Amino acid sequence: MKKNNSFAALFIQEAIGLSQEKMSQGQGGPFGAVVVKEGKIISRGWNQVTSINDPTAHAEIVAIREACRILETFHLNGCEIYTNCEPCPMCLGAIYWARIKAVYYANTRHDAAGIGFDDEFIYREMAMPLSERTVKMTHLPSEEALFVFEKWAQKDNRIEY
């Protein structure tokens, strides 16, 4: 199905409206997102970080979780996500894990940095060697941990994801 620009504008406007509405209601930061499949909005999400005290409750994550619940799947194949801002590294990771096929966004991460939401620090950290990151990373090898992985690899009824 070829992307219809009027649909894209409608969906991005929905994400923008959601960000405005929920921010005005004091439910979180100025971010909104919708997950769309086959031209229909499946779910809506808005930033709830401060309202539910969850640093992972970004608009995209909330929308992805709700879409998965509604569609009863952990893969959102064939879905698109529309957000009022370019996804942060965490949300981008979730978008890839969910197998969403396309992201449409209004504001850029640079626009977000201009109002105090600076994801650039995380982008820089991810590119650094583990030993140079701000968050201390310590490898604690374990035969028991490897054993669990080996058991997973041998499991006949595992669900791949």
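Anything mentioned here points back to the structure above.
The numbers attached to residues start from 1 for each chain and follow its sequence in the written order. The model is predicted, so local features are restricted to residues of pLDDT at least 70 and side-chain atom pairs to those at 80 or more, both for listing and for counting; the totals for chains, interfaces and linings are taken over all residues. Hydrogens and water are ignored here; the side-chain numbers use all heavy atoms of the structure.

### Remarks on the side chain of Ser-43
Line of reasoning, step 1. Structurally, the position occupied by Ser-43 is in strand β2 (residues 40–46).
Line of reasoning, step 2. Residues adjacent in sequence count toward polar contacts only when both atoms are side-chain atoms; beyond that, a polar contact is any pair of N or O atoms within 3.5 Å, and within protein one must be able to donate a hydrogen and the other to accept it. At 3.5 Å, the side chain of Ser-43 and the backbone nitrogen of Ala-67 are in polar contact. Only DSSP runs of H or I with at least four residues qualify as helices, and only runs of E with at least two residues qualify as strands; both kinds are numbered from the N terminus onward.

### A few points about the environment of Leu-92
Line of reasoning, step 1. Its place among the elements puts Leu-92 in helix α4 (residues 89–97).
Line of reasoning, step 2. Classification of Leu-92 as partly exposed rests on a relative accessible area of 31%.
Line of reasoning, step 3. The spacing of Leu-92 and Glu-60 is 32 residues in sequence and 8.6 Å in space, taken between C-alpha atoms. Each residue is assigned to one of three classes by its accessible area relative to the maximum for its type, calculated with a 1.4 Å probe on protein chains only: buried under 20%, partly exposed between the two thresholds, exposed over 50%.

### Brief notes about a nonpolar patch on the surface
Line of reasoning, step 1. Note on patches: the residues involved have over 30% relative accessible area and no salt bridge, like charges join within 9 Å, and the nonpolar side chains Val, Leu, Ile, Met, Phe, Trp and Tyr join within 5 Å. The Shrake-Rupley method, run with a 1.4 Å probe, gives the accessible areas here. Residue values count only the displayed protein chains as cover. A pairing counts as a salt bridge when a side-chain nitrogen of Lys or Arg comes within 4 Å of a carboxyl oxygen of Asp or Glu. Together, Phe-74, Trp-97, Trp-152, Ile-159 and Tyr-161 give the surface a local cluster of nonpolar side chains, amounting to about 640 Å² of exposed area.
Line of reasoning, step 2. One can find Trp-97 in helix α4.
Line of reasoning, step 3. Residue Trp-97 is classed as exposed on the basis of its relative accessible area of 57%.

### As for the nonpolar core
In globular proteins that are soluble, nonpolar side chains generally tend to be buried together.
Line of reasoning, step 1. Joining through side-chain atoms within 4.5 Å is the link that ties buried Ala, Val, Leu, Ile, Met, Phe, Trp, Tyr and Cys residues into a set, and such a set is a nonpolar core. With 21 residues, the main nonpolar core has Val-35, Ile-64, Leu-76, Ile-81 and Ile-100 as its most contacted residues.
Line of reasoning, step 2. Elements with a minimum of two residues in this core: β1 (32–37), α3 (59–71), β3 (79–85) and α4.
Line of reasoning, step 3. The element best represented in this core is α3, accounting for six residues.
Line of reasoning, step 4. Excluding residues within four positions of it along the chain, Val-35 makes contact with Lys-40, Ile-41, Ile-42, Ser-43, Ala-63, Ile-64, Ala-67, Leu-76, Cys-79, Glu-80 and Ile-81.
Line of reasoning, step 5. Core analysis: the next-biggest nonpolar cluster, separate from the first, contains eight residues, Phe-11, Leu-18, Val-34 and Tyr-82 among them. Note on contacts: a residue pair is in contact if any heavy atoms of the two residues lie within 4.5 Å.

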